[in-house]
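# Fold and geometry: a report
What follows is the residue order along each chain.
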Amino acid sequence: MTSQRHWRDRLLGTLQGQLQLATYVTVFLGFTGASCAGLWVSERNLFRQHSMMVEQSAAGIAQALERLPDPPSRLRVQQQLESISDKRTIFWFQQNDGSLIFPRSPLQPPSAYLLERAQAQPSQQVITDAQRRFLTKEVQRLPSGGSVWAACDVSVSSLAFSSYISWMILIWSVCLVLTLLVVTVLVRRIVRPLRQLSELTETVTADTLQNSHVQFSAAPEEISRLAENYEELLQRLSLSWSHQRQFVSAVSHELRTPLTIVGGYIKRTLRTGDTLEVSQRNGLQTAEQETLRMRHLLDDLLDLSRGDSGRLSVSQQPVALLPLLEQVQELAQSTQQRSIVLLLPDSAELIANADPDRLQQVLLNLIENACKYSGPQAPVELALLSSPDELTIEVRDQGIGVPPEDQERIFERFQRATNAPAGEGSGLGLSVVRLLVEGMGGQVSLRSQLGRGSVFSLHLRPVERADHT
Ligand code: ADP
């Protein structure tokens, strides 16, 4: 049932299928129609030829019979009939009273069955009798009454015609199959550029826009024009994408400095403003948090925009993870009101290939998320696991978790999980995390259970001691 639907979809649901089907039907009808018409004309000509020969043989018999005294003697009639009859074609005479006169032996008169069938249709007809085929017809009707009939044995011609039909059917089938194969190949060739175009479309992303080109050397004019238009469209999109990146980069840059000044001013006011009322202090603290959030957002936008234009600098150098993680835990603990638990292995020194500043940024981002998406008291763990091939840093929480269908998507820009509380984020942080970690030659992965918590893991390449020194 499924494969049936699959075939129906392939045949009717694609341009190639529709073209093939239309050509198959046309070719089939054309072939069959032409062959049937050819056979019909051949058969008609064959019998017409026999009929004309019979009529020619009987041409003079009407005058000869008319000249005989009335009523004509049976013997004279028989002599006339014998003069034009032979083993293949028997002529007989039907008198006014319906009685029949046949040529004498050794010529065989037609069977009673043949006579009866012939009488039923005086105009030409083909009758099968005792496995032989006869063309019968009333050849002449005399003015004085009575008529001359003929039965011509056409078995040999019929046999030849049957063999001709068999050959025709064989040739027809072979030609049909060959034609359908050729049609299939041609239709495939015709739609190939369209297929290529669609495959290319599937692979185009914002990153590959600039290097995506559509060129067909030997495509039909319509498809070449479509490809040209598509190429131009790609160029326009690439240009506008690059303008957009420049715009985001410029805006982020321009906004960062005033925001830093505003943040610094608020911080200073909070520190030195002993006379501030509680409500004023609360307002300034909210303003400070919002400034910080805006700074993070702008930093993320700037990183992404630099990543897109290839200007993001992420170094890969040996980084001792234990001190770095301790520093991150301290930093995170100073801003979060909950316990950030650090779980480290016993190894003395674990060194990964990474960018220390960027790694710190990534971890703080993940810890911030872990706190944001779990209950106020739920602990967050920062753990380091080591194996010979890999060093893994895990940020674990006991929060809301990520639905399975969103776990891949949330690493893309502006994507948030369906269970994320409204208005609490931009959906940019994880895309920056992935960008930075991959820039260090590492990978990010997520294990999560809805309602039970998430584990974001950074997989980094370890640096061998020999490499390091
Ligand atoms: P946002 O600013 O929305 O936090 P991110 O890119 O950092 O943007 O995260 C994308 C989405 O991934 C979030 O909106 C949230 O739905 C989900 N997410 C990220 N971290 C966690 C987590 N620790 N627990 C549950 N969901 C998370």
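Look up a bit, the structure's there.
Residues numbered from 1 in each chain as written. Predicted model: local features only at pLDDT ≥ 70, side-chain atom pairs only at ≥ 80, totals over all residues. Heavy atoms only, no water.

## Regarding a nonpolar patch on the surface
On the surface, a nonpolar cluster with roughly 710 Å² of combined accessible area is contributed by Trp167, Leu170, Ile171, Val174, Val177, Leu178 and Leu181. Turning to its location among the elements, Leu178 is positioned in helix H6 (residues 155-203). (Patch = residues over 30% accessible without salt bridge, like charges linked within 9 Å, V, L, I, M, F, W, Y side chains within 5 Å. Areas by Shrake-Rupley, 256 points an atom, 1.4 Å probe, with all protein chains shown as cover. Salt bridge = Lys/Arg side-chain N within 4 Å of Asp/Glu carboxyl O. Helix = DSSP H or I, 4+ residues; strand = E, 2+ residues; numbered from the N terminus.)

## Details of helix H2 (residues 15-57)
Spanning 43 residues, H2 covers 63 Å between terminal C-alpha atoms, matching the ideal 63 Å at 1.5 Å per step. Buried within H2 we find Gln16, Gly17, Gln20, Val27, Ser35, Leu39, Leu46, Phe47, His50, Ser51 and Val54. (Expected span 1.5 Å × (residues − 1). Buried < 20%, exposed > 50% of the residue type's maximum accessible area, 1.4 Å probe, protein only.)

## What about the sheet that holds strand S4 (residues 132-141)?
A sheet is described by the order of its strands in space; here 5 strands give the open sequence S2-S1-S5-S4-S3, paired in antiparallel fashion. What marks the edges here is a single partner per strand, and that holds for strand S2 (100-101) and strand S3 (125-129). Sheet strands touched by helix H5 (residues 112-120): strand S1 (89-94), S2, S3, S4 and strand S5 (147-153). Its angle to S3, the strand with the most contacts, is close to 160 degrees. (Pairing = 2+ DSSP bridges. Contact = heavy atoms within 4.5 Å. Axes fitted to C-alpha atoms, helices over the stretch in contact; angles between N-to-C directions.)

## So, the environment of Leu197
By secondary structure assignment, the location of Leu197 is in helix H6. Residue classification places Leu197 among the buried positions, given a relative accessible area of 9%. For the pair Leu197 and Ala37, spaced 160 residues apart in sequence, the C-alpha separation works out to 44 Å. Contacts of Leu197, omitting those with residues within four sequence positions, involve Val214, Phe216, Leu226 and Tyr230.

## A closer look at the packing of H2 against H6
One way to put it is that H2 packs onto H6 with a least axis distance of 9 Å and a crossing angle of 160 degrees. It follows that H2 is roughly antiparallel to H6 by the angle criterion. The hand of the H2/H6 crossing is right-handed. In terms of residue class, the contact of H2 with H6 is built from 21 nonpolar, 11 polar and 3 charged. (Parallel < 35°, antiparallel > 145°, perpendicular 65-115°, else oblique. Left-handed = near helix turned anticlockwise from the far one by under 90°. Nonpolar A, V, L, I, M, F, W, Y, C, P; charged D, E, K, R; others polar.)

## Thoughts on the site of the ligand
Among the 21 residues in the neighbourhood of the ligand, the closest are listed as Asn369, Tyr373, Arg416, Ser426 and Leu430. Between an oxygen atom of the ligand and a side-chain N or O atom of Asn369, the distance comes to 2.8 Å. In the environment of the ligand, an oxygen atom lies 2.7 Å from a nitrogen or oxygen atom belonging to the backbone of Leu430. Protein chains bury 98% of the 530 Å² of accessible surface belonging to the ligand in isolation. Taken atom by atom, the bulk of the ligand overlaps the largest pocket. Mapped by element, the contributors of at least two residues to the shell around the ligand are helix H10 (356-372), helix H11 (429-439) and strand S12 (453-460). (Near = heavy atom within 4 Å. Polar contact = N/O pair within 3.5 Å; in protein donor to acceptor, adjacent residues only side chain to side chain. 1 Å grid on protein atoms, 1.4 Å probe; cavity = no way out; pocket = protein on both sides within 12 Å on 5 of 7 lines; lining within 4 Å. Sits in = over half its atoms within 2 Å of the grid points.)

## Focus on the pairing of S12
Counting buried residues in S12 gives 8 out of 8 residues, a clear majority hidden from the surface. Pairing analysis gives 7 bridges linking strand S10 (residues 391-397) to S12, with the strands arranged antiparallel. Paired with Thr392 across the two strands is His459, which belongs to S12. Note: strand S11 (residues 443-449) against S12, 7 bridges, orientation antiparallel. By the bridge assignment for S12, Leu446 is matched with Phe456. Hairpin connection of S11 to S12: 3 residues between the antiparallel strands, including Gly451 at a positive phi of 80 degrees.

## Focus on the pattern of salt bridges
Pairing of side chains with opposite charge becomes possible as their charged atoms draw close. A complete count under the given rule lists 14 salt bridges for this structure. Here Glu381 ties to Arg396 by a salt bridge, and the two come within 3.1 Å at their closest N and O atoms. A residue pair is termed long-range when its members are at least 10 positions apart, and Glu381 in strand S9 (residues 380-386) and Arg396 in strand S10 qualify at 15 residues. With relative accessibility at 26%, the residue Glu381 sits in the partly exposed group. Using a relative accessible area of 22% as the deciding quantity, one classes Arg396 as partly exposed.

## Remarks on unusual backbone geometry
Leaving glycine aside, a negative phi is the common case for residues, and trans is the common case for peptide bonds. In the Ramachandran plot, Ala130 falls in the positive-phi region, its phi being about 50 degrees despite a non-glycine side chain. Phi angles above zero are rare outside glycine, and Phe414 is one such case at about 60 degrees. Here Phe414 lies in the loop between S10 and H11.

## Thoughts on the packing of aromatic side chains
According to the stated counting rule, one finds 5 aromatic pairs in the structure shown. Seen from their ring centres, Phe28 and Trp172 are 5.9 Å apart, and the 65 degrees between their planes marks the pair as edge-to-face. With Phe28 in helix H2 and Trp172 in helix H6, the pair connects residues that are 144 residues apart, well separated along the chain. The partly exposed category is assigned to Phe28, whose relative accessible area is 40%. Measuring from ring centre to ring centre gives 6.2 Å for Phe411 and Phe456, while their planes differ by 65 degrees; the resulting arrangement is edge-to-face. (Phe/Tyr/Trp six-rings, centres within 6.5 Å; stacked < 30°, edge-to-face > 60°.)

## Observations regarding the side chain of Ser147
With respect to the helices, strands and loops of the structure, Ser147 is situated in strand S5. Classification of Ser147 as buried rests on a relative accessible area of 4%. Side chain to side chain, Ser147 and Glu138 meet in a polar contact 3.1 Å long. A polar contact of 3.1 Å, which involves the side chain of Ser147, links it to the side chain of Trp149.

## A word on the sheet that holds S12
Pairing between the strands of a sheet is mediated by backbone hydrogen bonds and can be parallel or antiparallel. Reading across from one edge, S7-S9-S10-S12-S11 is the order of the 5 strands in this open sheet, with mixed pairing throughout. The open sheet has two free edges, formed respectively by strand S7 (340-343) and S11, since each of these has just one partner strand. Recorded for the sheet is a direction-independent mean angle of 15 degrees between the axes of neighbouring strands. In the packing of H11 onto the sheet, contacts are made with S11 and S12, and the angle to S11 comes to roughly 140 degrees.

## Let's talk about the environment of Leu68
Topologically, Leu68 is positioned in the loop between helix H3 (61-67) and helix H4 (74-84). We classify Leu68 as buried; its relative accessible area is 11%. Here Leu68 is in contact with Arg76 and Val77, once residues within four sequence places are set aside.

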